[in-house]
Amino acid sequence: MSNAAAWMAAAIALSKRGLGRTAPNPNVGCIIEKDGIVLGRGWTQPGGRPHAEAMALDQAGSAAKGAISRPAPISSTSRACSTPGPT
């Protein structure tokens, strides 16, 4: 399994923590890692807030930004949403 596949598998496992409790939002898992070290992780909380990505970014803090030429990769089980308004 590639590193990308392993990180996505870990994000999917995190997403399952919110299964059935995140309405109206989907259950999502997110991991931010750099050089094989987890900087932040999150999953959508009950009621849909906070979102997984917000949790992971809060936990990672400034470490996620890193150098502009080499930011930390994010593995998220959700795609960008085109729905206008709050989700």
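Here, the structure is the one placed above.
In short, a report on the structure. (Residues numbered from 1 in each chain as written. Predicted model: local features only at pLDDT ≥ 70, side-chain atom pairs only at ≥ 80, totals over all residues. Heavy atoms only, no water.)

A few points about the overall build of the protein chain
Check the secondary structure of the protein chain and you find two helices and three strands. The helix and strand sequence of the protein chain, counted from the amino end, reads α-β-β-α-β. Out of the 87 residues in the protein chain, the part that is buried amounts to 30%. A separation threshold of at least 6 residues defines the contact pool for the protein chain, and within that pool the share at least 24 residues apart is 53%. A total accessible area of about 5500 Å² is found for the protein chain, and carbon and sulfur atoms account for 59% of it. (Helix = DSSP H or I, 4+ residues; strand = E, 2+ residues; numbered from the N terminus. Buried < 20%, exposed > 50% of the residue type's maximum accessible area, 1.4 Å probe, protein only. Contact = heavy atoms within 4.5 Å. Areas by Shrake-Rupley, 256 points an atom, 1.4 Å probe, with all protein chains shown as cover.)

Some words on the sheet that holds strand β1 (residues 29–34)
With antiparallel pairing, three strands are arranged side by side in an open sheet as β2-β1-β3. Where the open sheet ends on each side, the last strands, each with one partner, are β2 (37–43) and β3 (74–76). When the angles between neighbouring strand axes are averaged without regard to direction, this sheet yields 15°. Alignment of β1 against β2, held across six bridges, turns out to be antiparallel. In the strand pairing of β2, Ile32 is matched with Gly40. Of the strands in this sheet, β1, β2 and β3 touch helix α1 (residues 3–15), which is tilted by about 145° from β1. (Pairing = 2+ DSSP bridges. Axes fitted to C-alpha atoms, helices over the stretch in contact; angles between N-to-C directions.)

With respect to the pairing of β1
Of all six residues in β1, six are buried; the element is thus mostly enclosed. Burial along β1 is two-sided: Gly29, Ile31 and Glu33 facing one way and Cys30, Ile32 and Lys34 facing the other are all buried. Of the pairings in the sheet, the one linking β1 to β3 comprises three bridges and is antiparallel in character. Opposite Ile31, over in β3, you have Ser75 as the bridge partner.

Some details on unusual backbone geometry
In this chain, Ala23 is followed by Pro24 through a cis amide linkage whose omega measures 15°. In this fold, Pro24 is placed in the loop between α1 and β1.

Concerning the nonpolar core
Nonpolar side chains in soluble globular proteins tend to end up buried together. Val28, Cys30, Ile32, Ala52, Ala56, Ala60, Ala64 and Ala72 together form the largest nonpolar core, which totals eight residues. Where this core is concerned, the elements lending two or more residues are β1 and α2 (52–60). Looking at which element gives the most residues to this core, the answer is α2, with three residues. Residue contacts for Ala52: discarding those within four places in its chain leaves Val28, Gly29, Cys30, Gly42, Trp43 and Thr44. (Core = buried A, V, L, I, M, F, W, Y, C linked by side-chain atoms within 4.5 Å.)

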